[in-house]
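Structure at a glance
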Amino acid sequence: MARRSRAESRLLVEVLRGWSGNESGGVYAILPPGCLVSATTRLFVEAVARAIKAGWAR
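Residues numbered from 1 in each chain as written. Predicted model: local features only at pLDDT ≥ 70, side-chain atom pairs only at ≥ 80, totals over all residues. Heavy atoms only, no water.

**Some thoughts on the overall build of the protein**
Along the protein, the regular secondary structure elements total 2 helices and 0 strands. With 58 residues in all, the protein has 3% of them scored as buried. Here the protein displays about 6,000 Å² of accessible surface, and carbon together with sulfur accounts for 60% of that area. (Helix = DSSP H or I, 4+ residues; strand = E, 2+ residues; numbered from the N terminus. Buried < 20%, exposed > 50% of the residue type's maximum accessible area, 1.4 Å probe, protein only. Areas by Shrake-Rupley, 256 points an atom, 1.4 Å probe, with all protein chains shown as cover.)

See the structure below:
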């Protein structure tokens with residue numbers, strides 16, 4: 001049986017270990033131009049934006 005990659009397992013993977021988000025700069029979501037962004041992608045970006053704003057409000 002073949003081993004599934006992390007992407008195929010559909011699990012979240014930490015990619016910026018140790019990053020706390022306190023640095024200046026920001027977090028950017030780069031989306032293709034036009035309205036052909038999937039609903040899943042749009043909802044994910046909106047959820048991340050809400051989570052960041054909620055954390056900054058504390």
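**A look at a nonpolar patch on the surface**
On the surface, V13, V15, L16, W19 and V27 cluster together to form a nonpolar patch covering roughly 500 Å² of accessible area. Along the polypeptide, V13 turns up in the loop between α1 (6-9) and α2 (39-57). Of the residues examined, V13 reaches a relative accessible area of 38% and is grouped as partly exposed. (Patch = residues over 30% accessible without salt bridge, like charges linked within 9 Å, V, L, I, M, F, W, Y side chains within 5 Å. Salt bridge = Lys/Arg side-chain N within 4 Å of Asp/Glu carboxyl O.)

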